[in-house]
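Descriptive structure summary
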Amino acid sequence: MRNRVGSFRVISRHMKFLALFTFWLGILFLCGFFHLNINFIQVWKGFTFYQGPCHPRTNIMFLKTHKTASSTVMNILFRFTEKLSLTVALPAGRKFHLGYPDSFEAEFVEEFKTMGPSYNIMCNHLRFNLKEVRKVMPVNTTYFSILRNPVSLLESSYVYYKAYAPAFKKSRDVNEYLASPGIYYNKSESGYNIYAKNNMWFDFGYDNNAEDDENYTQSVLRMIEQDFHLILIADYFDESMVLLKNFLCWDLDDVVYFKMNSRSPDTIQSLTPENKEKVKEWCSLDWKLYQHFNKTFWKRIQENIGLRNLYREVNLLRKKQKQLMEKCLLDPVPINETQIKDKLFKPFQSGDAHILGYNLKHDLDDETLRTCQKMITPELQYMSYLYALQYPDKKRKSINFPSWWS
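A few points on the structure.

**Topic: the overall build of the chain**
- A count of helices and strands for the chain gives 16 helices and six strands.
- Within the chain, the proportion of its 406 residues that are buried is 51%.
- By sequence separation, contacts in the chain at least 24 residues apart represent 71% of the contacts at least 6 residues apart.
- Total accessible area on the chain is roughly 20700 Å²; 53% of this is exposed by carbon and sulfur atoms.

Following this line, the structure appears as structure tokens:
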């Protein structure tokens, strides 16, 4: 009897092993059937980074925050749009922003009522409103944005929006403003004053004048984590481009860039050490936003790429960038807009900032010329071109673009 029980136990163990073996054999069969390789996929808190062959993501929503190198990211997205003949959710009519500073509504997009949620790329300035964005973008859209240290961001905003923001107009320079910002800033003066306090918080759709309550700020940070798949850091732009490239499954050539919308160094105002600390208090919501996602940024790099691989790709990116600049540009650095020979490549000028641009070398072959021109085209001209390309029967935007594109 005891031998019979032992035999049953052995058979039972064999049956369990056989069932488990059959189960995993079925999983492997399904993976092969659907062309999946589970060894190539690593998931981290909702982020999927591909470590082997994968398909580029083409449905992308980029929240273009202000004064965060977002114009350079926009140029990258516009070039990718052309490369794969994608569609962009562009501002309707003659407008250049998607309703900003008003909260975004789907009707701000050209031909939304006809196309519905079928656009590939959204990257123009808007104040984020997820419910309305989802009416425009497909279900499988990847959402990402970019942040910048609020200290340097506020200085840049001050110079760029000096002539527009009431709070900035009333002060002589950024240090005078920060010495007593409450004297110059008035909550009731809406509109351009959003650039004078917690502008990134506002761009993400939240109240830039809200009280810095711990429960409130933590709840907003959690909501942003839920809404966005990736947050980049402008202060580590090359590292951000490598992370973005890996996350979107793009080629490194897709994220090679020339700086867009950069300022002349002589327009940069140096903040005193005391005022640098005051920015963190005055823009405390932006400071907490930046601190939080700066930490997650580096954690994701360490867990999904690794620092050694990161800097290997950063060096390769910079090498490609240098080679392309040497091939394309007449000058080794961006130049003042008064020195730009082709007026169609002059960037928009704002406030006290002197926005720089580029001159191209002469006698470039047609293919190289087209590549180089895309790299240096300011956002307004590039958007006008894409609008004319997507809607050839509609009246063009008021900004002209290079004639060869037409």
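**Focus on the sheet that holds strand β6 (residues 230–233)**
- Ordered by their spatial adjacency, four strands build an open sheet running β4-β3-β5-β6, and the pairing between neighbours is parallel. The open sheet has two edge strands, β4 (121–122) and β6, and neither has a second partner.
- In the packing of helix α13 (residues 284–304) onto the sheet, contacts are made with β5 (142–147) and β6, and the angle to β6 comes to roughly 100°.

**Considerations on the nonpolar core**
- Met122, Val136 and Met241 are the most contacted members of the largest nonpolar core, which totals 95 residues.
- Non-local contacts of Met122, meaning those with residues more than four positions away in its chain, are made with Ile60, Met61, Phe62, Ala89, Leu98, Phe104, Val109, Val133, Val136 and Met137.
- Of all hydrophobic cores here, the second largest spans 25 residues; its members include Leu154, Ala165, Tyr195 and Val279.

**Quick word on the packing of aromatic side chains**
- This model, assessed by the stated rule, comprises 28 aromatic pairs.
- Both rings, one in Trp201 and one in Tyr216, keep their centres 5.9 Å apart while their planes meet at 55°; by these two values the pair is tilted. Of this pair, Trp201 sits in helix α9 (residues 199–203) while Tyr216 sits in helix α10 (residues 214–227), and the two are 15 residues apart along the sequence.
- Relative accessible area serves as the criterion here: at 1%, Trp201 is assigned to the buried category.
- When its relative accessible area of 24% is taken as the criterion, Tyr216 is described as partly exposed.
- Three or more aromatic residues joined by ring pairs form one cluster here, namely Tyr160, Tyr161, Tyr164, Tyr192 and Tyr195.
- Here Lys397 stacks its cationic end above the ring of Phe96, 5.9 Å away from the centre of that ring.

**A word on unusual backbone geometry**
- For the bond running from Tyr100 to Pro101, omega is 10°, close enough to zero to count as cis.
- Residues other than glycine seldom take positive phi values, yet Lys67 does so here, at roughly 60°.
- Inspection of the secondary structure assignment puts Lys67 in the loop between β3 (60–63) and α2 (70–83).
- The exposure class assigned to Lys67 is buried, which follows from its relative accessible area of 12%.

**Section: the packing of helix α5 (residues 150–160) against helix α12 (residues 273–282)**
- Between α5 and α12, the least distance of the axes is 9 Å, while the angle of their chain directions is 95°. Taken together, α5 and α12 sit at an angle that is classed as roughly perpendicular. The segment α5 lies against α12, with Pro150, Val151 and Leu154 engaging Lys276, Val279 and Lys280.
- Looking at the contact of α5 with α12 residue by residue, the class counts come to four nonpolar, no polar and two charged.

**Considerations on the pattern of salt bridges**
- Under the counting rule described, the total for this entry stands at 17 salt bridges.
- Of the charged contacts, one joins Lys64 and Glu379 as a salt bridge, the two residues approaching to 3.5 Å between their closest N and O atoms. Remark: Glu379 occurs in helix α16 (residues 379–390) and Lys64 occurs in the loop between β3 and α2; sequence separation between them is 315 residues.
- Lys64 gets classed as buried once you look at its relative accessible area, which sits at 2%.
- Overall, the relative accessible area of 21% leaves Glu379 in the partly exposed class.
- Measuring nitrogen to oxygen at the nearest pair gives 2.7 Å for the salt bridge that ties Lys135 to Glu132.
- By sharing partners, the salt bridges in this structure join Glu82, Arg370 and Lys374 into a single network.

**Here we look at the state of the cysteines**
- Taken as a whole, this structure holds two disulfides when the rule is applied.
- The residue that forms a disulfide with Cys54 is Cys249, at a sulfur-sulfur distance of 1.2 Å. Of this pair, Cys54 sits in the loop between β2 (47–50) and β3 while Cys249 sits in the loop between α11 (237–248) and α12, and the two are 195 residues apart along the sequence.
- Relative accessible area serves as the criterion here: at 13%, Cys249 is assigned to the buried category.
- Across the disulfide from Cys328 sits Cys372; the S-S distance is 2.0 Å. Torsion about the S-S bond of the Cys328 and Cys372 cystine: about -70°, corresponding to left-handed handedness. You can see Cys328 sitting in helix α14 (residues 307–328) and its partner Cys372 sitting in helix α15 (residues 366–376), a full 44 residues away along the chain.

**Describing the side chain of Thr377**
- Topologically, Thr377 is positioned in the loop between α15 and α16.
- In terms of polar contacts, Thr377 uses its side chain to reach the backbone carbonyl oxygen of Gln373, at 2.5 Å.

**Here's the deal with the pairing of β6**
- In β6, alternate side chains face the same way, and those of Leu230 and Leu232 on one face and Ile231 and Ile233 on the other are all buried.
- The pairing of β5 with β6 spans four bridges and is classified as parallel. Residue Phe144 lies in a different strand from β6, and its bridge partner there is Leu230.

The rules we used
Residues numbered from 1 in each chain as written. Predicted model: local features only at pLDDT ≥ 70, side-chain atom pairs only at ≥ 80, totals over all residues. Heavy atoms only, no water. Helix = DSSP H or I, 4+ residues; strand = E, 2+ residues; numbered from the N terminus. Buried < 20%, exposed > 50% of the residue type's maximum accessible area, 1.4 Å probe, protein only. Contact = heavy atoms within 4.5 Å. Areas by Shrake-Rupley, 256 points an atom, 1.4 Å probe, with all protein chains shown as cover. Pairing = 2+ DSSP bridges. Axes fitted to C-alpha atoms, helices over the stretch in contact; angles between N-to-C directions. Core = buried A, V, L, I, M, F, W, Y, C linked by side-chain atoms within 4.5 Å. Phe/Tyr/Trp six-rings, centres within 6.5 Å; stacked < 30°, edge-to-face > 60°. Lys NZ or Arg CZ within 6 Å of the ring centre and 35° of its normal. Parallel < 35°, antiparallel > 145°, perpendicular 65-115°, else oblique. Nonpolar A, V, L, I, M, F, W, Y, C, P; charged D, E, K, R; others polar. Salt bridge = Lys/Arg side-chain N within 4 Å of Asp/Glu carboxyl O. Disulfide = S-S within 2.5 Å. Polar contact = N/O pair within 3.5 Å; in protein donor to acceptor, adjacent residues only side chain to side chain.

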